[in-house]
Amino acid sequence: MKKFLLGTNWKMNKTLVQGLAYSETLITIIGQHPQFEFFIIPPYTHLWKIKETIDVHKSPLKLGAQNMHEQDFGQFTGEISPLMLAEIGVDIVELGHSERRQYFNETDEAVNRKALAALKHGFTPLICIGEQQADKDYDVSKEMLAKQLKIALTDVPADAIGHFWIAYEPVWAIGVGGTPAATPYVEEIHDFLRRVLIDRYGPSGQAVPLLFGGSVNINNARDYAQLANVDGLFIGRSAWEPDLFEAIMVALGTITK
Ligand SMILES: O=C(CO)COP(=O)(O)O
């Protein structure tokens, strides 16, 4: 049986010292929760040292980067290439987070190029999609999400299934000031995304891990996690302290699908 995915995006938070302390503690905690597959996505500057820590402890904790350029090298000041991330031994590359779309003009087409590059280099792209509040108000959430998902997966072949993850994160639910999504809404959207994946890939679309994120906390985590088409949770603020993250693990208990 596939393990339920549980991970956190640190965004632009934690110094290296804080990040290493967090990682050491989390590695100890997750040893008591083998029913989950865990991942953390720290800032680039922390990846090398945290990878060393994971390796020293022989921990199953997976490590991700928050972004990646699609070229192996070149005249792209300030960017990080797949070769550089591969050298560190990163497992996951997060792509298309709404903050990257909002503040750094990341487009669906760029997410697609990066996803293809990530797969080529053996990473698991964690492709983030999400509708804006205005899309929801106009009742075009599904259209927007289908567009984001289909463009991101252009030319991604069926044999890549299992090697890429999708995170649905409604923009209006993310971060400080975000409103947690109602569970039936999450269910409706995840069921819809599953249908889009099955239309695209046939029955094997069922095997694409679909994560949910946006104001996940100790009060709503279990409700979301029990939904048939939620295969994991992608958490920000509520997982940035190991004890709070552990409380969510305890609240989740065992998730059987
Ligand atoms: O953006 C997120 C994960 O990528 C979610 O952030 P919050 O859980 O802080 O809303």
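Read on for an overview of the structure. This structure is a prediction, so every number in the text was calculated from the model and none was measured.

Applying the stated rule across the entire model yields one cavity of 30 Å³ or more. Reported here for the largest cavity is a volume of approximately 30 Å³. Around the largest cavity, the lining residues are G96, H97, S98, R101, C128, I129, G130, E169 and I174. Looking at the lining of the largest cavity, the elements with two or more residues in it are α4 (98-104) and β5 (124-129). Across the lining of the largest cavity, the residue classes break down as three nonpolar, four polar and two charged.

Core analysis: the largest hydrophobic core is formed by 71 residues, its most contacted members being L6 and L233. Here this core takes eight residues from helix α8 (residues 183-201), the largest share from any one element. Residue contacts for L6: discarding those within four places in its chain leaves F36, E37, F38, F39, L233, I235, F245, M249 and L252. Formed by ten residues, the second largest nonpolar core is a distinct cluster that contains L5, I92, W165 and F234.

Attention now moves to the site of the ligand. Neighbouring residues of the ligand: 13 residues in total, closest K11, H97, G175, S215 and R237. Between the ligand and G175, the relevant distance is 2.8 Å, taken from an oxygen atom to a main-chain nitrogen or oxygen of the residue. Its free accessible area being 310 Å², the ligand has 99% of it covered by the protein chains. For the shell around the ligand, a count of residues per class yields four nonpolar, six polar and three charged.

The final tally for this structure, using the stated rule, is ten aromatic pairs. Between the aromatic rings of F36 and F38, the centroid separation amounts to 5.8 Å while the plane-to-plane angle is 75°, which identifies the pairing as edge-to-face. Residue classification places F38 among the buried residues on the basis of a relative accessible area of 4%. Between Y168 and F212, the aromatic rings sit 5.8 Å apart at their centres with planes inclined by 50°, giving tilted as the arrangement. Placement of the pair is Y168 in strand β6 (residues 165-168) and F212 in strand β7 (residues 210-213), with a sequence separation of 44 residues. Here Y168 matches F212 in class, with each residue buried. Grouped by ring-pair contacts, the aromatic residues F4, F36, F38 and F245 constitute a single cluster. The aromatic ring of W10 is capped on one face by K14, whose charged end is 5.6 Å from the ring centroid. Positioned above the aromatic ring of W172, the side-chain terminus of K136 is 4.8 Å from the ring centre.

What follows concerns the environment of Y168. The exposure class of Y168 is buried, given its relative accessible area of 0%. In the structure, Y168 is positioned 62 residues away from V230 in sequence and 9.5 Å away in space, judged by C-alpha atoms. Setting aside anything within four residues of it in sequence, one finds Y168 in contact with I129, G130, E131, L145, Y185, I189, H190, L193, L211, F212 and G213. Of the polar contacts made by the side chain of Y168, one reaches the side chain of E131; its length is 2.9 Å.

Thresholds applied
- Residues numbered from 1 in each chain as written.
- Predicted model: local features only at pLDDT ≥ 70, side-chain atom pairs only at ≥ 80, totals over all residues.
- Heavy atoms only, no water.
- 1 Å grid on protein atoms, 1.4 Å probe; cavity = no way out; pocket = protein on both sides within 12 Å on 5 of 7 lines; lining within 4 Å.
- Points joined across faces, edges and corners; volume = space filled by probe spheres on them.
- Helix = DSSP H or I, 4+ residues; strand = E, 2+ residues; numbered from the N terminus.
- Nonpolar A, V, L, I, M, F, W, Y, C, P; charged D, E, K, R; others polar.
- Core = buried A, V, L, I, M, F, W, Y, C linked by side-chain atoms within 4.5 Å.
- Buried < 20%, exposed > 50% of the residue type's maximum accessible area, 1.4 Å probe, protein only.
- Contact = heavy atoms within 4.5 Å.
- Near = heavy atom within 4 Å.
- Polar contact = N/O pair within 3.5 Å; in protein donor to acceptor, adjacent residues only side chain to side chain.
- Areas by Shrake-Rupley, 256 points an atom, 1.4 Å probe, with all protein chains shown as cover.
- Phe/Tyr/Trp six-rings, centres within 6.5 Å; stacked < 30°, edge-to-face > 60°.
- Lys NZ or Arg CZ within 6 Å of the ring centre and 35° of its normal.

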